[in-house]
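Each chain, written out:
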Amino acid sequence: MKSINLSPIRVGLLGMGTVGTGTFNVLQRNQEEIRRRAGRGIEITMVADLDVARARAAVGDGVEVVADARKVVASPDIDIVVELIGGYGIAKALVLEAIEAGKHVVTANKALLAVHGTEIFAAAHRKGVMVAFEAAVAGGIPIIKALREGLTANSIQWIAGIINGTTNFILSEMRDKGLDFDVALKEAQRLGYAEADPSFDIEGVDAGHKVTLMSAIAFGIPVQFDKAYVEGITNLAAQDIRYAEQLGYRIKLLGITKRVAKGIELRVHPSLVPAKRLIANVEGAMNAVVVQGDAVGTTLYYGKGAGSEPTASAVIADLVDIARLHTADPGHRVPHLAFQPDAMSDLSVLLMSEVVTSYYLRLKVADEAGVLAKVTGILASLGISIDAVLQREADEVGGEGATQTDLIILTHDCLEARMNEALAEIQALPTVLAPITRIRKEELA
Ligand code: NDP
Ligand code: HSE
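Being a predicted model, the structure only gives us computed values, none of them experimental. (Residues numbered from 1 in each chain as written. Chains lettered and ligands numbered in written order. Predicted model: local features only at pLDDT ≥ 70, side-chain atom pairs only at ≥ 80, totals over all residues. Heavy atoms only, no water.)

**Some thoughts on helix H8 (residues 165–177)**
Now for step 1: For H8, spanning 13 residues, the distance from its first C-alpha to its last is 17 Å, which sits close to the expected 18 Å at 1.5 Å a residue.
Now for step 2: With ten of its 13 residues buried, H8 lies for the most part within the structure.
Now for step 3: Listed in full, the buried residues belonging to H8 are Gly165, Thr166, Thr167, Asn168, Phe169, Ile170, Leu171, Ser172, Glu173 and Met174.
Now for step 4: For H8, the secondary structure elements touched by its buried residues are strand S7 (156–162), helix H9 (181–190), helix H10 (199–202), helix H12 (238–246), strand S9 (249–260) and strand S11 (286–293).
Now for step 5: Of the residues flanking the start of H8, the one acting as N-cap is Asn164, its side-chain oxygen 3.3 Å from the backbone nitrogen of Thr166.
Now for step 6: Phi turns positive one or two residues past the end of H8, at Gly178, with a value near 65°. (Helix = DSSP H or I, 4+ residues; strand = E, 2+ residues; numbered from the N terminus. Expected span 1.5 Å × (residues − 1). Buried < 20%, exposed > 50% of the residue type's maximum accessible area, 1.4 Å probe, protein only. Contact = heavy atoms within 4.5 Å. Polar contact = N/O pair within 3.5 Å; in protein donor to acceptor, adjacent residues only side chain to side chain.)

**Section: the site of ligand 2**
Now for step 1: Neighbouring residues of ligand 2: Lys110, Asn164, Gly165, Thr166, Tyr193, Ala194, Glu195, Asp201, Asp206, Lys210, Gly305 and Ala306.
Now for step 2: Interatomic distance of 2.7 Å between a backbone N/O atom of Gly165 and an oxygen atom of ligand 2.
Now for step 3: One of the side-chain nitrogen or oxygen atoms of Asp201 is found 2.7 Å away from a nitrogen atom of ligand 2.
Now for step 4: Burial of ligand 2 by the protein chains amounts to 94% of its free accessible area of 250 Å².
Now for step 5: Looking at side-chain class alone, the shell around ligand 2 contains three nonpolar, four polar and five charged residues. (Near = heavy atom within 4 Å. Areas by Shrake-Rupley, 256 points an atom, 1.4 Å probe, with all protein chains shown as cover. Nonpolar A, V, L, I, M, F, W, Y, C, P; charged D, E, K, R; others polar.)

**Here we look at the sheet that holds strand S3 (residues 64–66)**
Now for step 1: A sheet is described by the order of its strands in space; here six strands give the open sequence S3-S2-S1-S4-S5-S6, paired in parallel fashion. Strands at the two margins of the open sheet, each flanked by one partner only, are S3 and strand S6 (131–132).
Now for step 2: Of the strand pairs in this sheet, strand S1 (residues 6–14) and strand S4 (residues 80–83) are connected by four bridges, and their pairing is parallel. The partner of Gly12 across the bridge, within S4, is Val81. (Pairing = 2+ DSSP bridges.)

See the structure below:
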């Protein structure tokens, strides 16, 4: 049978912004090769955007352009709805309505899936339709496919990733060019990397959404963003980036999920990573994800995590998958979260206080005898072992005659709850002169 003689599958695209425009353009440009891979054409026949004139200018004639996205969802001529509006509001309603109407859905909306995924996947399962979301995690890197299919033989042990291009871009610009935080953020927005609300990027929320999705797929647990620990980069100081370098580390915003004896760790925070690790050298808006599986060992996935065409690459990969699989019995398709819906695990997500990790501490202290002994004494009394200490000369930090200095301590692994106790005690010392900076450290060995 010549499958490429099948009629094209018809796609309705909601939201002609950065990703929507990229999706339309790449599909047009590579339509012949894509058709040969998919076995049939994939045609965007309807587009919805609030700005009809702008969308019309982007798609030209021959595609119906409407302002009301519900018209696309309700159209009997549409087989697949691509949701590229973003957010939890209208996007959620449209996705659920599309599923209810028996249409397959492709979305890049990690916020929606990380928060409402359980409801959306259950609705899709009931209706026998696919909800594909490769673009939702790490933009153009096919990490969902890798986790869900390529690594399916493995018991996955941990995942650590740079999964927010905006923050990695900001950290790189601050370190390499000495740019201010705000200037670097504006540039990331101009380049189309940032979320509509950039606080999602800089406060770690976007990375939290993405690591939540990866965690669900890796460990067969429900998506539960509300259980993730999320800390962004807004409190990072340029001096910590410098001290980390002197100690042989880089600071990266990492999304981490790990299987440990008590349950699953699910967390996003700035982390010191040894400068010699490949992931420590991922710069700009690039993303990278390290996956540790019991059979395969360590694997690393690297590429553009944001931007118009890199993200379109992932959206179109989902469209091709659906074009190939939509006639298959739903029971024979790859499950949304890699595990069969009736075989999910109830492993609990740990509180941050239950996590074991190592730390970088920066203390502003009075430059006088006995200060270091008091601090290390508190750490020792709580069983926290020190890996390295860096004490700056007072005049290096504050100029000639300065009476205070920076004390940097790297610790070995300890329970976060213990570290919280230690920090409360150390902070109360009269010789500790400013709030202590604590950054977690991941060796990723
Ligand atoms: P944009 O803001 O560039 O595009 C969204 C588009 O949707 C805009 O054109 C907007 O119009 C339109 N829109 C808003 N409300 C409606 C509505 N009710 N009906 C129809 N159209 C509407 O966002 P992006 O393309 O950057 O992001 C889209 C999704 O992809 C988000 O979920 C985002 O998180 C995700 N994503 C984005 C990446 C990126 O690099 N940008 C990478 C990976 C995922 P208007 O401008 O008039 O409001
Ligand atoms: N705002 C996101 C980022 C877009 O910067 O990574 C890609 O999901």
